[in-house]
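Overview (structure and organization)
Chain by chain, the residues run as shown.
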Amino acid sequence: MQLACYCSPKTAGLSLALLTCMAMTPAQASEVASHDRPDSIIARLLEKNTGHYFMLYPYESNYVIQTYTSNINRQSIHSYSWSEHARKDETKFQISLGFPIYRGIFGENSLLGASYTQRSWWQSLNASQSSPFRETNYEPQLFVGFTTDYQLLGWTIKDVEMGFNHQSNGRPEQTSRSWNRLYARSMATYNNFTLDLKLWYRIPESAKNDDNPDMTRYMGYYRLLMGYQWDNNTFTAQTHYNWQSGYGNVELGWSYPINDAIRLYAQLFSGYGESMIDYNYKQTRFGLGVMLNDLF
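Notes on the structure follow. (Residues numbered from 1 in each chain as written. Predicted model: local features only at pLDDT ≥ 70, side-chain atom pairs only at ≥ 80, totals over all residues. Heavy atoms only, no water.)

So, the overall build of the protein chain
Within the protein chain, the regular secondary structure consists of four helices and 13 strands. The long-range share in the protein chain, meaning contacts at least 24 apart out of those at least 6 apart in sequence, stands at 58%. Summed over its atoms, the accessible surface of the protein chain is roughly 14,700 Å², and 58% of this surface lies on carbon and sulfur atoms. (Helix = DSSP H or I, 4+ residues; strand = E, 2+ residues; numbered from the N terminus. Contact = heavy atoms within 4.5 Å. Areas by Shrake-Rupley, 256 points an atom, 1.4 Å probe, with all protein chains shown as cover.)

Structural notes on the environment of His 85
Mapped onto the elements of the fold, His 85 is located in the loop between strand 2 (62-69) and strand 3 (89-103). With 44 residues separating them along the chain, His 85 and Gln 129 place their C-alpha atoms 7.6 Å apart.

Here we look at the pattern of salt bridges
Scanning the model with the defined rule gives 17 salt bridges in all. Two residues, Asp 89 and Arg 87, come together in a salt bridge whose shortest N-O distance is 2.9 Å. According to the relative accessible area criterion, Arg 87 is partly exposed, its value standing at 34%. Linking Glu 90 and Arg 285 is a salt bridge whose minimum nitrogen-to-oxygen distance equals 3.1 Å. Taken as a pair, Glu 90 in strand 3 and Arg 285 in strand 13 (residues 282-293) lie far apart in primary sequence, 195 residues in all. The same class applies to Glu 90 and to Arg 285, which are both buried. Among the charged side chains, a salt-bridge network with shared partners connects Glu 60, Arg 119, Glu 139, Asp 159, Glu 161, Arg 181, Arg 185, Asp 196 and Arg 223. (Salt bridge = Lys/Arg side-chain N within 4 Å of Asp/Glu carboxyl O. Buried < 20%, exposed > 50% of the residue type's maximum accessible area, 1.4 Å probe, protein only.)

Describing the packing of aromatic side chains
A complete count under the given rule lists 15 aromatic pairs for this structure. Plain terms: the ring middles of Tyr 80 and Trp 82 are 5.5 Å apart, the flat faces sit at 35° to each other, and that makes the pair tilted. You'll find Tyr 80 and Trp 82 in the same group, each marked buried. Centre to centre, the rings of Trp 254 and Tyr 256 are 6.4 Å apart; their planes meet at 20°, and the pair counts as stacked. Note on Tyr 256: relative accessible area 33%, which makes it partly exposed. Within the aromatic cluster, the residues linked to one another by ring pairs are Tyr 218, Tyr 247, Tyr 272 and Tyr 279. The residue whose ring lies beneath Arg 181 is Trp 200, and the NZ or CZ to ring-centre distance is 4.5 Å. (Phe/Tyr/Trp six-rings, centres within 6.5 Å; stacked < 30°, edge-to-face > 60°. Lys NZ or Arg CZ within 6 Å of the ring centre and 35° of its normal.)

Some details on the layout of surface pockets
Empty space within the second largest pocket amounts to approximately 240 Å³. Ile 157, Ser 186, Ala 188, Leu 195 and Leu 197 are, among the 14 residues lining the second largest pocket, the residues nearest its centre. Contributing elements (two or more residues each) for the lining of the second largest pocket: strand 6 (155-168), strand 7 (178-190) and strand 8 (193-202). Examining the composition of the lining of the second largest pocket, we find that five residues originate from one element, strand 7, more than from any other. Class assignment for the residues of the lining of the second largest pocket results in eleven nonpolar, one polar and two charged. (1 Å grid on protein atoms, 1.4 Å probe; cavity = no way out; pocket = protein on both sides within 12 Å on 5 of 7 lines; lining within 4 Å. Points joined across faces, edges and corners; volume = space filled by probe spheres on them. Nonpolar A, V, L, I, M, F, W, Y, C, P; charged D, E, K, R; others polar.)

A short note on empty space enclosed by the protein
Taken as a whole, this structure holds two cavities of 30 Å³ or more when the rule is applied. Computed from the structure, the largest cavity encloses a volume of approximately 580 Å³. Around the largest cavity, the lining comprises 33 residues; the ones closest to its centre are Glu 60, Arg 119, Arg 223, Gln 238 and His 240. Among the residues forming the lining of the largest cavity, the class breakdown is twelve nonpolar, eleven polar and ten charged.

A look at the side chain of Asp 159
By the secondary structure assignment, Asp 159 is in strand 6. With near-sequence residues (within four places) excluded, Asp 159 lies in contact with Ser 40, Ile 41, Ile 42, Phe 146, Thr 147, Thr 148, Arg 185, Ser 186 and Met 187.

Remarks on unusual backbone geometry
You will see that Ser 130, though not glycine, has its phi angle at about 65°, which is positive. Positive phi values are uncommon outside glycine, yet Ser 131 reaches one of about 50°. Mapped onto the secondary structure, Ser 131 falls in the loop between strand 4 (110-122) and strand 5 (133-152).

Considering the side chain of Asn 62
Position of Asn 62 among the secondary structure elements: in strand 2. At 2.7 Å, the side chain of Asn 62 and the backbone nitrogen of Ser 96 are in polar contact. (Polar contact = N/O pair within 3.5 Å; in protein donor to acceptor, adjacent residues only side chain to side chain.)

Below you can see the structure in the form of C-alpha cells.
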C-alpha cells in the first residue's frame, strides 16, 4: 500500500501533506491499495509514479490503537503537574513515512531517501488533566538503500539500507531523551516468512550533553523483526536485546484486513524501552485498533 499525497505547488509544509494523506477518501485509499504491492521498503520507494504530485510512501507501519499498561511510569515524569494522575490506558499511534530524494544514485536499484517516524502515547481519556500527550518520539532518518535478489541459504535478500538515525522526545531538562545512530538494515524472505534485521552504532556524546548514557544497556545494538503471513493474517514479532546486560523487550503483532484500506490490529509489548521516556522501565502493554499498512 502506498499513501498518495496530492499537493499543489501552493501547499505548504510537511504537516499539511501528512493531513492530506490521512484525509484520503475510502475510494482513493482503495485505488492506491489495489496496486501491486512492492515486496520491500526500498522497492516501494523506487516505484515511479506519473503525474505532478508530491508522493509520500509508508516506511514502517502506520496505526492507532487503544492500550492498557500493567504499570504506568510516573517516576520519569514527576516534573509534570499531572504525573500522579497519569492513567494506565493510553492511545498509542505511529506515523511512518518515507520519501525518495534521488532514485538511481548508485544505479537503477538504488536511492537516497529519507524517512520520518513518530510514535505518541496520548492520555486521550484523561479529561480531568486536559488529555495530555505523555510521550512522543521523533525519528528522522537519512539513508542509501538498494533492492537485491541475492540468495542465501534458501532466503532471498530483498533490500539493504544504510544511514543516519536521530531519535528524541523533544522534552527539556530531566525528561529529555535522545540519541544518534549509524545503522544498517536488511530484509529477507522465505516463502511466507520475513526477517528484517537492523543493526546500529550509537554515536558517542559528551557526558554533559548525554541525556541517557545507558540507553544501549536497555535497548541493545539491534532490532530483529520477524513476520509470517497466513491467508489474510499477518503475524509479527520484534525484539531488542542486550545479551551482556540481560535487558530487552519483545513486541507481538497481528493484523487482519477489514477492507482494502484498513486492517484490524492487535499489539502486545513486554519489557524495557517501549518509548524513550520508558527506556529503563519495564512494563507489559496490550493494544487494539486499526492499521493503514502492515510492514510486510
